Amino acid sequence: MAGYLIGFLVLAAGLAALTSMQRARRSRDAAADKAHSRPIYHGLNAAIWTGVPAFVFLIVWLMGQNSIINSLVLASFPGADALSGAEKSLLISEIRQVAAGNIFKEPTPEILAAVDHLKSLQSIAVWMMVAVVAAAASIGAFFGYRVIESRFRARHSVERSVTWFMMFSSLVAILTTGGIVASLLYEALQFFARVPVTEFLFGLRWEPQIALRPDQVAGLGAFGMVPVLFGTFAISALAMAVSVPVGILSAVYLTEYAGERFRAVVKPLLEILAGIPTVVYGFFAVLTVAPIVRSLGLSLGLEAAPNSALAAGGVMGVMLIPFISSLSDDAFAAVPRAMRDGSYALGATKGETIRKVLLPAALPGIVGGVLLALSRAVGETMIVVMAAGLIARMTVNPFEAVTTVTVQIVTLLIGDSEFDNPKTLAAFALGLVLFLITLGLNLIALRTVRKYREKY
Amino acid sequence: MNMLTDAAVEQKLHSTSNEAAIKMRGKDVTVHYNGKQALFGVNLDVPEQQVTALIGPSGCGKSTFLRSLNRMNDTIEGCRVGGEITLDGDDVYDPRIDVVELRARVGMVFQKPNPFPKSIYENVAYGPRIHGIARNKSELDQIVESSLEKAALWSEVKDRLNEPGTGLSGGQQQRLCIARAIAVSPEVILMDEPCSALDPIATAKVEELIDELRENYTIVIVTHSMQQAARVSQRTAMFHLGYLVEEGATDKMFTNPDDKRTQDYITGRFG
Amino acid sequence: MNMLTDAAVEQKLHSTSNEAAIKMRGKDVTVHYNGKQALFGVNLDVPEQQVTALIGPSGCGKSTFLRSLNRMNDTIEGCRVGGEITLDGDDVYDPRIDVVELRARVGMVFQKPNPFPKSIYENVAYGPRIHGIARNKSELDQIVESSLEKAALWSEVKDRLNEPGTGLSGGQQQRLCIARAIAVSPEVILMDEPCSALDPIATAKVEELIDELRENYTIVIVTHSMQQAARVSQRTAMFHLGYLVEEGATDKMFTNPDDKRTQDYITGRFG
Amino acid sequence: MAAQAITGHVDWKSDAMQARRRARYAADRRLQIYGMVAIFFALGFLAILVGTLSFTGYRAFVQTTATVEIDLSQADIDRGDLMGANWRNIVRDALRQQVGDIPRSDQRDYFNIFTSSAPFLVRDKVIADPDLLDGTARFSIPLSDPLDQLAKGQINPDLPENQRRVNDRQIEYFNQLQAKGLIAQPFNWGLFFNADSRFPELAGLAGAISGSFWALLVCFVISFPVGIAAAIYLEEFAPKNRLTDIIEININNLAAVPSVVFGLLGLAVFLGWFGLPRSAPLVGGMCLALMTLPTLIIVTRASLKSVPSSIREAALGIGASKHEAILHHILPLSMPTIMTGTIIGLAQALGETAPLLLVGMNAFITSPPAGIFEASTALPTQIYIWADSPERGFVARTSAAILVLLAFLVVMNAIAIFLRQRFERRW
Amino acid sequence: AARDQIKIVGSSTVFPYSQATAEEYANKTGNPAPVVESTGTGGGFKVFCGGVGPDFADITGASRAIKESEVKLCADNGVTDITEALIGYDGLSVAVSRANETDFDLSEEQIFKALAAELPDGNGGFVANPNKKWSDVDESLPATDIIAFGPPPTSGTRDAFVELVMHDGCADLPGMAELKSADEDKWEEVCSRMRQDGPFVEAGENDNLIVQRLEADPNSVGIFGYSFLYENSDKLKAVKIEGVAPTFDTIADASYPVSRPIFFYVKNAHRDVIPGMSDFLAEYMSDEALGPDGYLAERGLTPLSDEKREEVQKAVLEGKKFGS
Ligand SMILES: Nc1ncnc2c1ncn2[C@@H]1O[C@H](COP(=O)(O)OP(=O)(O)OP(=O)(O)O)[C@@H](O)[C@H]1O
Ligand SMILES: Nc1ncnc2c1ncn2[C@@H]1O[C@H](COP(=O)(O)OP(=O)(O)OP(=O)(O)O)[C@@H](O)[C@H]1O
Ligand SMILES: [Mg+2]
Ligand SMILES: [Mg+2]
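Residues numbered from 1 in each chain as written. Chains lettered and ligands numbered in written order. Predicted model: local features only at pLDDT ≥ 70, side-chain atom pairs only at ≥ 80, totals over all residues. Heavy atoms only, no water.

Concerning the interface of chain D and chain A
As a reminder of what qualifies: Note on contacts: a residue pair is in contact if any heavy atoms of the two residues lie within 4.5 Å. What counts as buried area is the accessible surface, traced by a 1.4 Å probe, that two parts surrender upon association, with contributions from both included. The rule for a salt bridge is simple: a side-chain nitrogen of Lys or Arg has to be within 4 Å of a carboxyl oxygen of Asp or Glu. In protein, a polar contact requires one atom able to donate a hydrogen and another able to accept it; more generally it is a pair of N or O atoms within 3.5 Å, and residues adjacent in sequence count only if both atoms are side-chain atoms. Under the scheme used here, helices are H or I runs from DSSP no shorter than 4 residues and strands are E runs no shorter than 2 residues, and both carry numbers assigned from the N terminus.
Listed as interface residues are 74 residues of chain D and, on the opposing side, 80 residues of chain A. Summed over both partners, the interface of chain D with chain A comes to about 6400 Å²; 77% of that surface belongs to carbon and sulfur atoms. One can count two salt bridges joining chain D with chain A. Here Glu352(A) and Arg24(D) are joined by a salt bridge, their closest N and O atoms 2.6 Å apart. Scanning the region where chain D abuts chain A turns up eleven residue pairs in polar contact (both at pLDDT 80 or more). The element best represented in the side of chain D that touches chain A is helix H2 (residues 15-57) of chain D, accounting for 20 residues.

Now the structure itself:
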């Protein structure tokens, strides 16, 4: 029904637009002075008046309809008052299933009566909805139509509506951030009620082991996030160690040395690296890179874990190459040609120009890009979930395993522990910290990039 | 204000000498951009230690010619130069010629001041450093100081050599770029509308400077201002639609041009 | 070539009439860009059906004044206009004024030709379309044709109205922009250095056109060429550093200016 | 020399100067070589990645099947109740006929050669085409995973029996079937047209592909208009004040927020507060939309910015309102870039896993979703599920699924590149 | 909104069995297949106990019994009538690559000594586990590095392993019995903590990855579900524990010590509301599925004894209320 109604609204809006345009044309022709807005704007204005309020009405109605009908049905159901909330909801489901024709056991007469009641309410509701929406649309259309006269500023009115929509759209970003914080904060606070903040922030041991069953004995959990953070940054640092030089050098080659053809082929190929799903990188890291890294480590006589930070970090670094190279590309391109010309005119070679003029000039932009890439590395999930370890350890040996914040979030959330266990709640606290860290990194990155943009 | 008086202009015009040695010479120079011809067989001599001005309406090929003198056109994709250009008799487009050396000998100053985003000192020291001209820090200091002095900037910046060059005013920046060009001891300095982004006062300073530099360097300057050409140059070449219309002593060009188009242009009939 | 002869210029200068009605008037106009003042109390009248030229060295505020006449400055962040500007006696900065209508009455042509990347026809038809001037296709066709004719472009493009406007030559593009401005039947046309990007031939054509347009429109033109101002305008206003130095009949300004700065500027002492 | 330098005479031809220049050119070449090495490192990695995937995945593109003739006219089937017939016995009888007498003790092994869903496959075919009941029909029945592996050479029949998933009797029967020419390895269309299954030989990506399609549709429908509207507002209308500053910082920050955090958001807000259904492409798509939105806004703003202001001024100069100037000129001109950005954003969303894991789009569902409210998986989560399945056949299928996903991504990126090059405009 | 699919959530251990049953059920009846989602046991209970009605899951799988707090959550949300079904045992296997030359036969004590975080030093104190090679644990074992891939602490598999192997191995050590009576908490800690210094690698929930890594590194051992060992028997061989290798038989008759019960829980209130619930449960409980020759056994589930199975079948089909 709602689908038809929406179709109806579209039609009605179109119709309102057409008639309004007619009228606007007539009033324009009749008027002595020049009309303010073209007929199309009068039409659009009428369409907005007709469609938008009615549509909003429809949505609100649809959201409210079921709960209102449910409570009406329940109110008339004998003895429903005594039921608990869950029983009520069950009862309603049963009534609805019966109404939909899914009968599992012989329904009681009360249920059958309720089903009838439900059906009648539903049809009333549908007709009321149609009536109300149609009324809203007609009133809107009426207003939209009435205001038409040659001096009416329909264009302003339409543009105002559009501006409102655009303003609302740009608020979505804020709402999202709000949503993120809100969805993390509540659970994180519950976690901090169990584990002191100071222990979480400064504790040096991360061993989220808490008994799963009352009869089961297990070591006490320890929730100090320092080693987890350490692992995050260790892996990010390794990723950066791969992606920064490779990314910048490829950007240098592509922007300054490569021919048009080479660039046209290689650049998209490089960008594929950024498009490969991280799940795929994860597999690759675990199955192909990690064993190689381990045997390399062992042949160097180092402790080498099968899940090395190096494997995860290295593969992540490869993933970030196109990210850094395209940002560096932009930074190089943003250096005005005049800088290059100035350097060449002094007799500098290409290499000297790149190293001594372009690189310093583009550096703030590149640094901004690197920081953004770093925040991506910190937040990267699937690669580390598959390829990094789970044991939180503070080691500087890249051949050993470390764990990261995102790994812990995912494993804690899809593990077998119960919901009110600090183990599960810790995931939200970690998520909050992760969000704050990337926020900080981004703020710094933005500052840097912005400062440099104002330069030339 | 340091504006030149009419008398000074007069005096300059008469100091032109036709017998100066030829420093650079263009013979039948043609330039194509991606197949589109921008210069058609230009023959022009640049006499030593004089200021040669290139004038002409927009798009007539002044910059193109200027940039082919030190092969800056090499950096433009799709640009092809034909004919012959010589520096002291050597063909600059000879494959054995080292462009790095060529550009060190034939320096260039651009329309918009383009100091590097480095300190004033580093801006000037950049050229000597890459070419290894100075043997030690004190020599480098000396080069920087003398270049800035020659560019009439030393007194204004000597106390803030470590501040960024981009922080100077437009006119100062342009003089800094001139100092930067001088620092590698070029023989020829090419200037492409060096004053068009400057205010009148800064323009006057730079014009004065050009006049002084003439004693040691050969200068080729592109300008869109007839007045400027008259004020600073000894010889003038007039371009139109990619052709060299006429060239000669500046005073003659401005008083009694041979070509109708030159006449029309300098009297402002077009352009 | 369609270049104007000296005699024609003479004739034009003398046709100036001081008794023309005032179409637009600026009273104590000041403009600030982000707090930096760019215009200082400018008082200038624009007489109807005449060409008023604004001259002055770079950065003196000519464009700024021009753009405040049709509130194009509104689009610049941080630009604040003070004083009063009237069109037929109505304050154009009155909040009740609809800028869209204002700009339809006071059209504008820019320094760089800026046709829309659409067909020639669509370029000209765009204005009439958005203002709902034409009632049907044939009316629109007529408007397009007559505008292109008035802009002296019809004969050159009538066979290729569906080709992109960006494919025309620079001069044609600029005339297309003029046609586009004319198509909405403005009362005033503002032109900001309309010829500075054009070659001499195109310039001559546009100048001729301006002269013809004067019969129906009031024109304000910014130019950096004194000669152009002398050729096309009846009145000239000289700006310097944000001040209106002097204004008056063009022939008087160019023969006997009151202000020393005007004198210096038109004789090429600076700028 | 310094004195000389200062007076303007440098001996450019001296040996020292020439040697120096040679060294400078060498340094230049070295930098160039480093750049080449960097690029080839990255490309080499890509090649190895795709290479290994193809190496493990290519086998999943064929499927071993046995062609079996079944004479349905003889079978005891009530045409009114095709579902109710005893398909199991019908199929088993037919299968038994292929190899003559089988001792009872071997029957179980023998039937395990074929996919255990064989009766259902036959049934569904017949229901789709009841004419088959009139005579003998040929059915192509996939072999079960262990035999499929054997046929593809993934199981070494020379190993001791207890070390392989197929026993000697099964190999024996398999060889018999092969000798009769019943075994074939056609292209595995099931990989694309079947939904997920517990049995590798039947498992396909149809569910995941349509799930991804629906999720991306939702993502597009939300993020495209909202992203463009927000970008236009911020770029063209927003006053420069605190609020817009905050919005701007927010958008840039959201572009780099870890994707798993968007999953947490979806879990708490869309599932928890709004009560939207779990595992539905609607919710997955909404999470992805929030993730894509910042990218889209940033791209759109950049492309709006790149339209020269002369176009804007031209429109305003003849009396277009700001909205008109944007709608008629600026937006059409920046559309190619916006489309490119959108496609790239969607491609990223297509490969995103973590948020979908958290909103339950990693479920096992044996039928493709018919809409955005029905539970489904998506390609990356399907990969994740298959990767975690014990059956051997899923190893190759995981790689194959990754290849399919990569193919989609490459196609999307290629379209984006095509658009970019086709409509790239220079002013 | 009315829903016509059954929704199943819960442990990744139960996931494959629910999957198989769901597919079989859909094939047999032609009804829409249930949606099976692997959320982990805890996550499963969170969704399951969220409330009654079509928005909430009908069945949740668990690799452990429901906990008190979860029962309470359920009750708070009105989910009071649930049925518990023990469906069988899941064998945990310890395995190595076939490329490994040793035929490992480990005692629980040896495993403890190899993988525990701390060992008694013999004087009543504890030292960090010093064993680096198997030969450090026992002379008879090869002198190769100890590397064991196992489940993370968030996983039920890990808890089962700790309880079934580590605790037993721990208890056998000298002095532990006394400790247990003296300081039970300490005993718990010592006996439960796995080492974190490298030899024990927490390898996430993906058992296939462990299998592939064992292949890549023949010296390492892996701890994972028996079905993975069974599927990869050409590449892997079992490590015997206390002399017994895991097979379907040894797991079923409990002679193999490392297996754990797995459950699912049914929301009885939904039986009359969600279409197909009873048919699905009937399928799950049928002998064809759960029986010794059933298809669940084929996927690695170790079936219950006949009488136990009958009891469960009866309980589930009748909707026996949990806790009563
Ligand atoms: N990089 C280039 N690619 C293609 N064409 C070019 C390029 N640079 C200049 N041209 C063309 O070559 C011709 C000559 O240009 P040039 O820049 O030399 O003129 P100019 O005399 O310096 O003009 P202006 O006074 O405007 O600087 C022009 O038609 C111009 O369009
Ligand atoms: N958008 C702007 N923001 C800040 N300052 C501006 C802006 N536009 C112009 N100005 C300043 O206002 C002053 C007057 O500029 P305007 O463009 O009006 O000069 P003009 O006379 O048109 O010069 P030109 O001949 O170079 O076009 C100059 O100092 C200029 O720097
Ligand atoms: Mg030039
Ligand atoms: Mg201007």
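As for a nonpolar patch on the surface
Residue and element names in this part refer to chain A. Worth spelling out the cut-off: What makes a patch is a set of residues exposed beyond 30% relative accessible area and free of salt bridges, joined within 9 Å when like-charged and within 5 Å when nonpolar (Val, Leu, Ile, Met, Phe, Trp, Tyr). Only the protein chains shown count as covering a residue, and every accessible area follows the Shrake-Rupley method with a 1.4 Å probe. Burial classes: relative accessible area under 20% of the type maximum marks a residue as buried, over 50% as exposed, and values in between as partly exposed (1.4 Å probe, protein chains only).
Side chains of Ile6, Val10, Val52, Phe55, Val56, Ile59, Val60 and Met63 sit close together on the surface and give an oily, nonpolar patch of about 720 Å² of accessible area. Every element with two or more residues in the nonpolar patch is listed here: helix H1 (2-30) and helix H2 (39-76). Within the fold, Ile6 resides in helix H1. On the basis of relative accessibility, which here comes to 36%, the residue Ile6 falls in the partly exposed class.

A closer look at the sheet that holds strand E1 (residues 22-33) of chain C
Residue and element names in this part refer to chain C. Rule in force here: Criterion used throughout: strands pair if DSSP finds at least two bridges between them.
Pairing within the open sheet is antiparallel, and its four strands lie in the order E2-E1-E4-E5. The open sheet is flanked by strand E2 (36-47) and strand E5 (90-91), the only strands paired with a single partner. Where E1 meets E2, eight bridges bridge the pair, whose relative direction is antiparallel. Looking at the pairing, Met24 lines up with Val46 of E2.

Structural notes on the site of ligand 1
Residue and element names in this part refer to chain B. For clarity, the cut-off: We call a residue near a molecule or strand as soon as one heavy atom of that residue lies within 4 Å of the molecule or strand. Residues are grouped as follows: Ala, Val, Leu, Ile, Met, Phe, Trp, Tyr, Cys and Pro are nonpolar; Asp, Glu, Lys and Arg are charged; every other residue, Gly included, is polar.
Tyr33, Lys36, Ala38, Ser58, Gly59, Cys60, Gly61, Lys62, Ser63, Thr64, Ile76 and Glu193 make up every residue found near ligand 1. Cys60 places a main-chain nitrogen or oxygen 3.2 Å from an oxygen atom of ligand 1. Thr64 has a polar side-chain atom sitting 2.4 Å from an oxygen atom of ligand 1. Relative to its unbound accessible surface of 630 Å², ligand 1 loses 63% to contact with the protein. Looking at the shell around ligand 1, the element that brings in the most residues is helix H2 (residues 62-69), giving three residues. Tallied by class, residues from the shell around ligand 1 come to four nonpolar, five polar and three charged.

Some remarks on the domain arrangement of chain D
Condition: Reported domain spans reflect what an automatic or database domain assignment gives.
Per the domain assignment, the segments of chain D are domain 1 (2-58), domain 2 (63-186) and domain 3 (206-423). Averaged C-alpha coordinates put domain 1 of chain D and domain 2 of chain D at centres separated by 64 Å.

Digging into unusual backbone geometry
Even without being a glycine, Ala152(B) presents a positive backbone phi close to 60 degrees. With respect to the helices and strands, the residue Ala152(B) is situated in the loop between helix H5 (137-150) and helix H6 (154-157). For Glu193(C), which is not glycine, the phi torsion reads 45 degrees and is therefore positive. Inspection of the secondary structure assignment puts Glu193(C) in the loop between strand E7 (188-192) and helix H8 (200-213).

Examining the site of ligand 2
Residues and elements named next belong to chain C. Around ligand 2 sit Tyr33, Lys36, Ala38, Ser58, Gly59, Cys60, Gly61, Lys62, Ser63, Thr64, Ile76 and Glu193, and that is every residue in its neighbourhood. Taking Gly61, its main chain carries an N or O atom lying 3.0 Å from an oxygen atom of ligand 2. Side-chain polar atom of Ser63 to an oxygen atom of ligand 2: 2.5 Å apart, as the coordinates give it. Relative to its unbound accessible surface of 630 Å², ligand 2 loses 63% to contact with the protein.

Section: the sheet that holds strand E10 (residues 243-249) of chain C
Residue and element names in this part refer to chain C. The test is simple: Think of each axis as a best-fit line through the C-alpha atoms, taken over the contacting stretch in the case of a helix, with angles from 0 to 180 degrees between the N-to-C directions.
Reading across from one edge, E6-E7-E8-E3-E9-E10 is the order of the six strands in this open sheet, with mixed pairing throughout. Each having just a single partner strand, strand E6 (106-109) and E10 make up the two edges of the open sheet. Here the strands of the sheet are splayed against their neighbours by 15 degrees on average, with no regard to which way each runs. Across six bridges, the pairing between strand E9 (residues 235-240) and E10 is antiparallel. Directly across from Phe239, in E10, lies its bridge partner Leu244. Across the face of the sheet, helix H7 (residues 170-182) comes into contact with E6 and E7 while running at roughly 170 degrees to E6.

A look at the pairing of strand E3 (residues 59-62) of chain E
For a regular strand, side-chain orientation follows a simple rule: the groups alternate between the two sheet faces. Residue and element names in this part refer to chain E. With burial as the criterion, each face of E3 is covered, one bearing Ile59 and Gly61 and the other bearing Thr60 and Ala62. Sheet analysis places strand E1 (residues 7-10) next to E3, joined by three bridges and oriented parallel. Each residue of the ladder has a partner; that of Gly10, found in E3, is Gly61.

Describing the environment of Arg198(D)
Structurally, Arg198(D) is set in the loop between helix H8 (190-193) and helix H9 (206-237). Sequence separation between Arg198(D) and Trp386(D) is 188 residues, and the spatial gap between their C-alpha atoms is 9.5 Å. Setting aside residues up to four positions removed in sequence, Arg198(D) forms contacts with Phe364(D), Ser389(D), Pro390(D), Glu391(D), Phe394(D), Pro16(E), Gln19(E), Ala20(E), Glu23(E) and Arg299(E). For Arg198(D), the side chain forms a polar contact with the side chain of Glu391(D), separated by 2.7 Å. Side chain to side chain, Arg198(D) and Gln19(E) meet in a polar contact 2.3 Å long.

Some remarks on the state of the cysteines
What counts, and what does not: Any cysteine sulfur atom paired with another within 2.5 Å is treated as part of a disulfide.
One pass over the structure, following the stated rule, counts two disulfides over all chains. Covalent S-S linkage joins Cys49(E) and Cys74(E), the inter-sulfur distance amounting to 1.9 Å. Given an S-S torsion of about -65 degrees, the disulfide between Cys49(E) and Cys74(E) has left-handed geometry. Of this pair, Cys49(E) sits in the loop between helix H2 (41-48) and E3 while Cys74(E) sits in helix H3 (residues 68-76), placing them 25 residues apart in sequence. A disulfide bridge connects Cys170(E) with Cys191(E), and the sulfur atoms are separated by 1.7 Å. Its S-S torsion of approximately -50 degrees makes the covalent link between Cys170(E) and Cys191(E) left-handed. Placement of the pair is Cys170(E) in helix H6 (residues 156-172) and Cys191(E) in helix H8 (residues 184-192), with a sequence separation of 21 residues. Here the two residues Cys170(E) and Cys191(E) agree in accessibility, since each one is buried. Among the cysteines of chain E that take part in disulfides, numbered as they appear in the sequence, the pairing is 1-2, 3-4. Take Cys219(D): it sits in no disulfide, and the sulfur closest to it among the cysteines is that of Cys287(D), at 10 Å. The buried category is assigned to Cys287(D), whose relative accessible area is 1%.

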